[in-house]
Amino acid sequence: MANVAATNITFFKPFLQHYSNFPSSFFNISIPIPNHYHKPTSTKCLSRCHLSVTPEPSRGAPETFVSQFAADQPRKGSDILVEALEREGVTHVFGYPGGASMEIHEALARSSMIRNVLPRHEQGGIFAADGYARASGRPGVPRGLMGTDAFQEVPLIDITRPITKFNYLVLDVEDIPRTVKEAFLLATSGRPGPVLIDIPRDIQKELVVPNWNKPIMLPGNASRLPKLPEKAHLEEIVRLISVSKRPVVYAGGGCMNCSEELRRFVGLTGIPVASTLMGLGIFACTDDLSLHMLGMHGTIQANYAVDRSDLLLAFGVRFDDRVTGKVEAFARNATIVHIDIDPAEIGKNKKPHLSICTDVKLALEGINTILEKNAAKQPTAENKRGKGTKFNDNVSAWIEEIDEQKEKYPASYKTFGEAIPPQYAIQLLDELTNGNAIICTGVGQHQMWAAQYYKHKNPRHWLSSSGLGAMGFGLPAAMGAALAKPDAIVVDIDGDGSFMMNIQELATIRVENLPVKIMLLNNQHLGMVYQYEYEYGDGDSLHSYMGNPSNQAQVFPDMLMFAEACNITAARVTKKAELREAIEKMLKTPGPYLLDVMVPHQAQVLQLIPDGGTFKDAIKGAQ
């Protein structure tokens with residue numbers, strides 16, 4: 001679940017393939033051919049035109065908006081669209097031009113508020129906009145020909161209707177201001193999600209004096225927004241906590257906007273927190289009560305705690321199969337409380353005993369208020385860390401039980417002589433950045449190691465595609481994050497397989513002079529595939545070797561040459577003893593930097609719960 005007000009206007013092909021990975025909402029603005037545009041069922045979209053937009057993270061539209069046009073001056077539909085985006089606070093566009101989008105790009109060139117960042121691939125632009133939105137917590141925006149089976153046409157509206165929150169086909173240029181305003185509202189309210197706006201090319205050229213005061217026409221939207229939680233339900237949750245002996249918080253991406261409230265809740269109750277992959281950083285992994293990540297590649301202590309729990313507080317999660325494993329055995333002895341903003345997620349995969357469909361932030365605020373009133377009436381019990389549990393003496397013994405698991409099964413990994421363990425590389429990066437970097441990843445072993453061994457302690461500092469597993473996400477997402485947070489350390493921890501999928505964005509990073517640091521864990525393989533085929537399969541190669549079979553001693557391809565071609569400083573490190581100095585140099589060097597860290601392909605992601613397994617089937621790390 002994603003309770004994050006972040007948005008992208010994105011383009012069709014990668015939009016359809018990858019949008020559901022993201023906890024951010026999207027707009028797709030397509031640019032159709034005028035012929036037959038009055039027939040929504042035959043709507044088609046030019047697949048090459050792409051525009052991804054993100055608004056200023058610190059604000060929406062300016063308090064006093066000053067248009068470049070006189071109030072009564074007619075202007076093109078494309079100019080109205082751009083001004084509508086300006087009024088929503090958009091400042092950056094990741095736009096890849098095409099013939100059908102030239103009107104909009106010309107309008108963008110006339111804008112004094114919006115700057116276009118030219119990606120080198122459509123997908124790179126989308127992922128960059130998503131990285132911007134995730135890092136900033138604000139919406140991001142795209143666009144595409146419809147009509148007569150024209151060059152590169154696809155029926156965009158028809159294809160994307162099942163996977164969008166709402167679709168618009170703009171048939172009247174005067175509707176553009178209202179449509180954009182509604183699209184932002186729909187995309188960012190409730191559970192954020194994609195909204196598509198289809199704008200025919202002749203509508204872009206049509207002249208009109210815009211009316212910016214047209215009312216929004218969404219009569220049913222208010223009834224679908226999350227309601228305030230009922231006090232009786234919150235009081236029942238507090239009662240369940242007070243009698244529980246082994247409570248656990250299971251926190252996901254839906255808590256992204258309530259990190260402070262979650263920390264307060266844990267401070268009042270002393271309940272430990274297990275995070276999903278999407279929830280990393282919402283509750284600091286450095287906190288004594290953090291169990292870190294749970295699920296297939298989660299920690300032993302997190303999975304142990306959920307398995308043994310008698311009360312599971314599921315906040316902003318969807319009981320994904322990578323978390324639950326064999327769902328009927330997941331938290332089998334626990335009373336389950338599920339709070340989520342999306343009614344479709346309640347009971348979809350695991351039936352709760354008590355559920356509240358609301359914004360998790362509102363629920364936690366209400367629970368904390370009740371807890372604080374109760375705490376004032378009762379003495380404080382101290383657990384061994386000195387954290388007050390206020391009303392439940394059982395929690396201290398439960399924490400000690402979990403701590404035994406932490407001590408018995410610490411995170412561990414195999415070493416290979418002088419070779420660099422990839423886990424060690426991430427531990428060093430964590431140490432040298434004090435856990436404060438914005439970490440972006442692709443998909444694969446490197447993604448799981450980054451989740452396991454970097455001590456995430458800030459919300460919106462962990463940007464990983466999750467959901468559908470979008471390889472190639474890391475580099476362009478880091479590009480967007482660097483634009484959203486120019487003062488932050490932004491590191492793309494990537495694998496050679498994922499990195500190659502959007503390697504062309506090195507050119508964008510260089511041209512924009514973005515200080516993105518790339519720590520490439522290069523094992524010359526699709527590592528996760530290799531791990532499964534040789535360790536858990538029949539040992540046959542499934543085309544996972546990414547090097548040159550005729551010369552396996554050679555590093556191929558040579559990533560340093562790609563960096564050199566884009567005038568990006570780069571280095572390669574092969575020995576563990578040289579790694580610290582290499583990472584320090586990467587972090588200190590101004591501008592973008594690529595560090596090619598050669599790691600053994602035999603390294604594995606552990607711990608691991610096999611598909612469909614349970615906690616008791618976990619394969620533990622090296623002891």
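Everything here concerns the structure above.
Everything in this summary refers to the structure shown in the same document. (Residues numbered from 1 in each chain as written. Predicted model: local features only at pLDDT ≥ 70, side-chain atom pairs only at ≥ 80, totals over all residues. Heavy atoms only, no water.)

The next point concerns the nonpolar core. By size, the foremost hydrophobic cluster in this structure holds 35 residues, and its most contacted members are Ile426, Leu429, Ile493, Met519, Leu521, Leu579 and Val597. Shared between two domains, this core takes at least three residues from each, and those domains are domain 2 (231-408) and domain 3 (422-605). (Core = buried A, V, L, I, M, F, W, Y, C linked by side-chain atoms within 4.5 Å. Buried < 20%, exposed > 50% of the residue type's maximum accessible area, 1.4 Å probe, protein only. Domains from an automatic or database assignment.)

Remark: the empty space left among the atoms is shown by a probe the size of a water molecule rolled over them. By volume, the second largest pocket is sized at about 500 Å³. Lining the second largest pocket are 23 residues, and of these His292, Thr299, Gln301, Ala411 and Gln452 sit closest to its centre. Those elements that place two or more of their residues in the lining of the second largest pocket are strand S14 (290-293), helix H14 (394-408) and helix H16 (445-453). Classifying every residue of the lining of the second largest pocket gives seven nonpolar, 10 polar and six charged. Per-domain counts for the lining of the second largest pocket show at least three residues from each of domain 2 (231-408) and domain 3 (422-605). (1 Å grid on protein atoms, 1.4 Å probe; cavity = no way out; pocket = protein on both sides within 12 Å on 5 of 7 lines; lining within 4 Å. Points joined across faces, edges and corners; volume = space filled by probe spheres on them. Helix = DSSP H or I, 4+ residues; strand = E, 2+ residues; numbered from the N terminus. Nonpolar A, V, L, I, M, F, W, Y, C, P; charged D, E, K, R; others polar.)

Listed in full, the buried residues belonging to helix H20 (residues 527-536) are Gly527, Met528, Tyr530, Gln531 and Glu533. Contacts made by the buried residues of H20 are with H16. (Contact = heavy atoms within 4.5 Å.)

Once that is clear, we can look at unusual backbone geometry. The step from Phe556 to Pro557 runs through a cis peptide bond, and the omega angle for that step is -10°. The topology assignment puts Pro557 in the loop between H20 and helix H21 (559-565). Note that the residue after Leu606, namely Gln607, is joined by a cis bond; omega there is 10°. Checked against the element boundaries, Gln607 lands in the segment after strand S23 (593-598). Positive phi outside glycine occurs at His292, with the angle close to 65°. With respect to the helices, strands and loops of the structure, His292 is situated in strand S14. Its identity is not glycine, yet Gln524 carries a phi of approximately 60°, on the positive side. Here Gln524 is to be found in the loop between strand S21 (516-522) and H20. Overall, Gln524 belongs to the buried group, its relative accessible area being 9%.

It is worth spelling out the packing of aromatic side chains at this point. Within the structure shown, the criterion is met by nine aromatic pairs. Arranged with centres 6.0 Å apart and planes meeting at 70°, the rings of Tyr304 and Phe615 form a pair that is edge-to-face. You can see Tyr304 sitting in helix H11 (residues 300-308) and its partner Phe615 sitting in the segment after S23, a full 311 residues away along the chain. Grouping residues by exposure puts Tyr304 and Phe615 together as buried. Following the ring pairs from residue to residue traces out a cluster consisting of Tyr250, Phe319 and Phe330. A cation over an aromatic ring shows up here: Lys576 above the ring of Tyr424, its NZ or CZ 4.6 Å from the ring centre. The ring of Tyr409 has Lys620 lying over it, and the distance from NZ or CZ to the ring centre is 5.0 Å. (Phe/Tyr/Trp six-rings, centres within 6.5 Å; stacked < 30°, edge-to-face > 60°. Lys NZ or Arg CZ within 6 Å of the ring centre and 35° of its normal.)

Below, the discussion takes up the side chain of Asp310. For Asp310, the location among the structural elements is in the loop between H11 and strand S15 (311-315). A distance of 2.8 Å separates a polar side-chain atom of Asp310 from the backbone nitrogen of Lys245. Leave out the neighbours within four places in its chain, and Asp310 touches Ser244, Lys245, Arg246, Pro247, Asn333, Ala334 and Thr335. (Polar contact = N/O pair within 3.5 Å; in protein donor to acceptor, adjacent residues only side chain to side chain.)

In spatial order, the strands read S14-S13-S12-S15-S16-S17; together these six strands make up an open sheet with parallel pairing. Edge positions in the sheet fall to S14 and strand S17 (354-357), since each of these pairs with one other strand and no more. Shown here is a sheet whose adjacent strand axes are inclined to one another by a mean of 15°, direction ignored. Direction of pairing for strand S12 (residues 247-251) relative to S15: parallel, over a ladder of five bridges. Bridged to Tyr250 within S15 is Ala314. (Pairing = 2+ DSSP bridges. Axes fitted to C-alpha atoms, helices over the stretch in contact; angles between N-to-C directions.)

This part is about the sheet that holds strand S18 (residues 438-441). Across the sheet, which stays open at both edges, the six strands sit in the order S19-S18-S20-S21-S23-S22 with parallel pairing between neighbours. Among the strands making up the open sheet, the edge pair consists of strand S19 (462-463) and strand S22 (569-573). With four bridges joining them, S18 and strand S20 (residues 490-495) adopt parallel strand pairing. Considered in S20, the bridge of Ile438 is made with Val490. Contacting S18, S19, S20 and S21, helix H17 (residues 474-484) crosses the sheet at an angle of about 175° to S20.

Within a regular strand, the side chains alternate between the two sheet faces. Burial along S18 is two-sided: Ile438 and Cys440 and Ile439 and Thr441, pointing in opposite directions, are all buried. By the bridge criterion, two bridges tie S18 to S19 in an arrangement that is parallel. Across the sheet, residue Cys440 finds its bridge partner in S19, namely Leu463. As for the winding sense of the linkage, the β-α-β connection from S18 through H16 to S19 is right-handed. (Right-handed = clockwise from strand over helix to strand, strands pointing away.)

This part takes up the side chain of Asp492. Note that Asp492 resides in strand S20. Put simply, Asp492 is tucked away with no salt bridge, and the nearest opposite charge, on Arg134, sits 12 Å away. In this structure the side chain of Asp492 is engaged in a polar contact, spanning 3.4 Å, whose partner is the backbone nitrogen of Leu475. Not counting chain neighbours up to four residues away, the residues in contact with Asp492 comprise Cys440, Thr441, Gly474, Leu475, Ala478, Phe499, Lys517, Ile518 and Met519. (Lys, Arg positive; Asp, Glu negative; His and termini not counted. Salt bridge = Lys/Arg side-chain N within 4 Å of Asp/Glu carboxyl O.)

Attention shifts here to the state of the cysteines. Tallied over the entire structure, the rule returns zero disulfides. For the unlinked cysteine Cys258, the closest cysteine sulfur is that of Cys255, found at 4.4 Å. The class for Cys258 is buried, based on a relative accessible area of 1%. (Disulfide = S-S within 2.5 Å.)

The analysis is restricted to geometry; functional conclusions fall outside its scope.
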